Amino acid sequence: MDRLMESVDVAVVGGGAAGCLAAIAAKESRPDAEVAMVEKASVRRGGSIACGMDAINVVVIPGISLVEDLVRAQMSAAQGILVPAVVRAVGEESFKVLQDLESWGVEFPHDEKGGYRTFKQWSARDAASAVTSISMAGDLKLILDREVKKRGIQKIEHAPVTTVFTSEGRVTGLGAFDIRREEFFALPAKSVILAAGSGARFGLPETGVLHGVFDCPACAGDSYSLGYRAGAQLVNMECVKHYITVRYFNGPGLAPLSYGGKLINAFGQAFLERPSSSSLELNNFMDLFSAILREYQEGRGPVYIDTRHLSREATEELERCFFTTERPTFKKFFEKRKIKIGRDLIEANLSEPVLCGGHGINGLKVNGLAETNVSGLYGAGDAAANATSLMGAFVLGRIAGREAVKYAATAGAATPKREEVEAERERVLAPLRKSEGIPPALLERKLRTTINQYVDNPKSEPKLRAAQERLACLRKDVSFLKAADGHEAMKAVEVQAILDCAEMVTAASLERKESRWGIYHYRVDYPKRDDDQWRKFVVVQQGEDGKPSVSTQPVVGG
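Residues numbered from 1 in each chain as written. Predicted model: local features only at pLDDT ≥ 70, side-chain atom pairs only at ≥ 80, totals over all residues. Heavy atoms only, no water.

Describing the nonpolar core
Note the following rule: Definition of nonpolar core: a set of buried residues of the types Ala, Val, Leu, Ile, Met, Phe, Trp, Tyr and Cys, connected through side-chain atoms within 4.5 Å. The buried label goes to any residue with under 20% of its type's maximum accessible area, the exposed label to any with over 50%, and the partly exposed label to all in between, with areas taken from a 1.4 Å probe on protein chains only. Only DSSP runs of H or I reaching four residues or more are called helices, and only runs of E reaching two or more are called strands; each is numbered from the N terminus.
Core analysis: the biggest nonpolar cluster contains 158 residues, and Ile56, Val192, Leu263, Met391 and Phe394 have the highest contact counts within it. No other element matches helix α10 (residues 389-410), which puts 10 residues into this core. In terms of nonpolar packing, the next biggest core, distinct from the first, is built from 12 residues, Ala186, Val421, Met490 and Val493 among them.

A word on the side chain of aspartate 306
Our working definition: Pairs of N or O atoms are called polar contacts if they sit within 3.5 Å, as long as, within protein, a hydrogen donor faces a hydrogen acceptor (for residues adjacent in sequence, only side-chain-to-side-chain pairs). Residue contacts are counted whenever heavy atoms from the two residues lie within 4.5 Å of one another.
In this fold, aspartate 306 is placed in strand β14 (residues 303-306). A residue is classified by how much of its surface remains accessible, and aspartate 306, at 6% relative accessible area, is buried. Here arginine 308 takes part through its side chain, which lies 3.0 Å from a polar atom of the side chain of aspartate 306. Discounting chain neighbours no more than four positions away, the residues touching aspartate 306 are Gly261, Lys262, Ile264 and Leu345.

Considerations on the pattern of salt bridges
Condition: By definition, a salt bridge exists where a carboxyl oxygen of Asp or Glu is found within 4 Å of a side-chain nitrogen of Lys or Arg.
Tallied over the entire structure, the rule returns 46 salt bridges. One salt bridge connects arginine 475 with aspartate 500, and the closest N-O pair in it is separated by 2.8 Å. Placement of arginine 475 in helix α13 (residues 461-477) and of aspartate 500 in helix α14 (residues 486-511) is noted, with a sequence separation of 25 residues between them. A relative accessible area of 26% means that arginine 475 is categorised as partly exposed. Salt-bridge contacts for glutamate 514 lead to arginine 512; the nearest nitrogen and oxygen are separated by 2.8 Å. Accessibility assignment for this pair places glutamate 514 and arginine 512 in one class, buried. Through salt bridges with shared partners, one network takes in Lys40, Arg201, Asp222, Glu444, Arg448, Lys491 and Glu494.

Focus: the sheet that holds strand β19 (residues 548-554)
Inclusion rule: In this analysis, strands are considered paired if DSSP registers two or more bridges between them. In this analysis, axes come from line fits to C-alpha atoms, helices being fitted only over the stretch in contact, and the angle between any two N-to-C directions falls in the range 0 to 180 degrees.
The four strands lie next to each other as β16-β10-β18-β19, forming an open sheet whose pairing is antiparallel. Sheet topology places β16 (363-364) and β19 at the edges, where each strand pairs with a single neighbour. As defined by bridge partners, strand β18 (residues 536-542) adjoins β19 across seven bridges and the pair is classed as antiparallel. Residue valine 540 lies in a different strand from β19, and its bridge partner there is valine 550. Running over the sheet, helix α5 (residues 222-229) touches β10 (234-235), β16, β18 and β19 and is turned about 70 degrees from β18.

Structural notes on the packing of α13 against α14
Any two packed helices are characterised by how steeply their axes cross, that is the angle between the axes, and by the distance between the axes. What counts here: Throughout, the term roughly parallel applies to angles under 35 degrees, roughly antiparallel to angles over 145, roughly perpendicular to angles from 65 to 115, and oblique to all others. For a crossing to be left-handed, the near helix must be turned anticlockwise from the far one by less than a right angle; the clockwise case is right-handed.
α14 packs onto α13 with a crossing angle of 155 degrees between their chain directions and a minimal axis gap of 10 Å. One finds that α13 runs roughly antiparallel with respect to α14. The handedness of the crossing between α13 and α14 comes out as left-handed. Facing α13, whose interface residues are Glu461, Leu464, Arg465, Ala467, Gln468, Leu471, Leu474 and Arg475, α14 presents Gln496, Leu499, Asp500, Ala502, Glu503, Thr506, Ser509 and Leu510.

Here it is, written out as structure tokens:
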């Protein structure tokens, strides 16, 4: 092996919101513990929140909302296919996290009486006071990076994690690739927290630009693949999400609706409140996505965000959130297109297919202590199925950090098996040794085009079977990957993570023989929702043959 690092108590994979809170919590719980964060970019600018984030969409503030109302609302939104203990854990600790963030320098608006000024996101309009949102300002990543440094947490940056090593059902460490040195290294660890974000690069956007996606383009489903290969259970992988975006920018388009904006079609008609005859329509927030799709299918597209009726104050607040903490590049896009909020219509679109545990419901199956079924392995943020957005990342990260360092205190020494380290090293470095072959970008484009064509909605058994055949061919092409440098070697590993995710989604979609979650899992051969047979988890694990093994589990406590 190139390098064997010094053993740590807790290894955190990912330096985003969940990873930072996990590392901080672990170090605060046991100041003498050795805690390391391993991030493929930098902690200062890594993770989804580095792309911009204007609000925390789930927070239980005393006097405004209740934990049980949050659980009810999120279970309703997930149509019952979620672990309620996870949502409850987020709700119970959310206000304390909000206060801690504020003490670190994150700014939250207050009213004239000193209370928090909140709003209710449009997507929770059916949830009474259960889901409360609060705007925020300040450079969140700089703040979190500073707090990590204060606590003396080891940061290993520009080093994508490629595997989690296990032995006899427990984690023993991880393997990673130093991009700049082009070296593979092993990091022995008593516990590992997977917090490497979503599957933002699952499907291909309409622009065809590989990294022109809604969420952080560094997020290639790493956490799902790492957990899958380590023996962890994943749930709801068949629930393939789409976002509402500003067309051609692929930035978020939902915020104006929370401030009173509305969606209109090409004929100027507001359409969200009109009941649909389509089987895609739902009774909660996912009807928003179904309704947009319906307008296009029935010939009334394009769809626009209309803010022309909003007050000057609301328009200014939208400009603040769009052009500062959300996506600073939004301002340049609007200026170049000569679009002004409050004056012009803004064209909206549905994004590419995405996998996400926080803004969606798929990922590692964890309990209220952020534990997976593998001893010493924890999941947080978009890596874990939780449906609680940014606050879920904060809280589950904190819980995972506390529990991981507690586990490490009683766990024995952990050392990855040498033969497994050598095998992983060979897999990661193989593309660098080839003089000719397939560039990672080419294979990724083929793969993500296949996902759009065969794996995304609408689904059917013939399409999904064809997907399996096509993915099997692409799996063989992995052996021909060629990397010109360390950056391309990382991309080669990411392509394999996306391929793992595609195989999991296809297998889970075949298993769930019903339609559920609106356009997120719509099977034309089983167009109806069937709670009697399918109000349960579809669970995916890696089988002994290396392929997805699918089973079902009941939802407990829902």
